Amino acid sequence: MQPNNISAQQALQALDASNSLVGRNQGPELLNSSTVDLTNGATVTPNFLAIRRPIAELLIRLRFRVAVTVANYVAVGCEAPQNILQRIILTGSHAQYGSQTLFNMTGATAFLYPSLFSARGGGSLLINDVLASRPGQPITSSFLGTTAGSPYDVDMTFRLPMAPFVGIGSQSKKQAAAFWLQAADWGDSLQLSMLFGDKSSLGNSTGSTVTFSGYGGTGNPTVDVFAVYGLLGGLRDAFNGRGGVCIRNETIMNAFTALATGTKLQSLQKRVTLNLLVKSGLLETTLQSAGITTFASLSDRQLDATQVIQDSKAIRPNVANIVAKDWMANQFGVDNPARLLPDVVRRQRATR
Amino acid sequence: MTALRGDQLDPGTQLDLVSNVLTASANNRQTIVAETVIGGLYS
């Protein structure tokens, strides 16, 4: 029998099992803990992720102290300190779909991405045990970068859902469960890589002395990886060998520096596309280490009329990004704070 | 769940993300996150 063909009896069993699912998942379980060199930047690659039960999401916790002495940061990047996690990459080999990159996103984007779809969805950031404001309009750094505020004990969490965003209700989790990471699909092939930056990923530190250490000032910075396992109950075997894959891939572009009308930003892959997020801003260019990307600021006034075009036809016509963004905020019931400019991030949900 | 069924487009169909660029700067940067799925509910 082909993986996608099931008998009528199997279909009824799956329906019964689906109706019994209450959508309560396991709490976070620690998979890996390691130190990380933020002084020079480093890549941390834990062992293969264990799929003891279906993985619904991954959580990354980063803890460190950063001390700023001699002089303040000249300019703090608008996405500091979450931008110190420069890139998160999750790869694996799926039994049916082969080698896949499931997640490839900057830490700064990963930090806020879930919050675009639910009011309490993104990562969390504590600096000196004070909960930082969620990214708003405009996005500004919660890390001050001043000598007066130093040292800064940073404890932050990044949330990486493995399924599409379908809301927080129990009913919607039945849909999400089809995309959880199953052992039958991935085996021991899942590999997580975290690329960390250095002081330059926090902004322009000209003239200042920046020192990283462990949280509280002793030891080294640490990074922990947690898995949230989904509890499927009677539905646990329903997706064996036929689980879907949700892919989130972020690319950075530097070619669009001149005024333009209707210019192609990117050719899209012809796949089932749930969401597109476009982030635009100005790069920090002073005293940046090789390979580091730091946004000095983000702006909603850099791009406009951003839309998906199929051949010469707009999938969803958009002439004003501000209006489209506000509409999307209402669709998901998320806060879209004061209409101040420049503001945050725009997104576009492509629907059939 | 609604989605753009790019997988069902005819061969040769072009699918692009286009935009106006309103401000010029050598430091302009843009990032795009594409959230796509294979299989699952869309098998």
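Quick caveat: nothing in here was measured; it's all calculated off a predicted structure. Every chain is numbered on its own, with residues counted from 1 as its sequence reads. Note on labels: chains are lettered from A, ligands numbered from 1, in written order. With pLDDT at 70 or above as the cut-off, local features in this predicted model cover only qualifying residues; side-chain atom pairs require 80 or more to be listed or tallied, and sums for whole chains, interfaces and linings still use all residues. With hydrogens and water stripped out, all remaining heavy atoms of the structure feed into the side-chain values.

**Brief notes about the pairing of strand S3 (residues 55–69) of chain A**
Residues and elements named next belong to chain A. Each residue is placed in one exposure class: buried if its accessible area under a 1.4 Å probe, protein chains only, is under 20% of its type's maximum, exposed if it is over 50%, and partly exposed if it falls in between. The way it works is that DSSP assigns letters per residue, a run of H or I at least four long becomes a helix, a run of E at least two long becomes a strand, and they are numbered from the N terminus. For S3, the tally of buried residues reaches 11 of 15 residues, placing the bulk of the element in the interior. When DSSP finds two or more bridges between a pair of strands, those strands are recorded as paired. In terms of strand pairing, S3 meets strand S13 (residues 222–229) through 8 bridges, oriented antiparallel. Residue pairing across strands places Arg63 opposite Thr222, the latter belonging to S13. As paired elements, S3 and strand S9 (residues 152–161) share 10 bridges and run antiparallel to each other. Within S9, the residue paired with Arg63 across the bridge is Asp155.

**Notes on the pairing of S13 of chain A**
Residue and element names in this part refer to chain A. Most of S13 sits inside the fold, with 7 of its 8 residues counted as buried. When strand S1 (residues 28–35) meets S13, the two strands line up antiparallel, connected through 7 bridges. What sits directly across from Glu29, in S13, is Ala227.

**Points about unusual backbone geometry**
All names here are of chain A. At the junction of Ala80 and Pro81, the peptide bond is cis and its omega measures out at 0° in the coordinates. Among the secondary structure elements, Pro81 is positioned in the loop between strand S4 (75–76) and strand S5 (85–94). Of the consecutive residues Ser150 and Pro151, the connecting peptide bond is found in the cis state with omega at 0°. Considering the arrangement of structural elements, one finds Pro151 in the loop between strand S8 (130–131) and S9. Of note, the phi angle at Val70 is positive, near 75°, even though the residue is not glycine. On the secondary structure map, Val70 appears in the loop between S3 and S4. With relative accessibility at 70%, the residue Val70 sits in the exposed group. Residue Ala305 is not a glycine yet carries a positive backbone phi of 50°. Among the structural elements, Ala305 can be located in strand S18 (residues 303–310).

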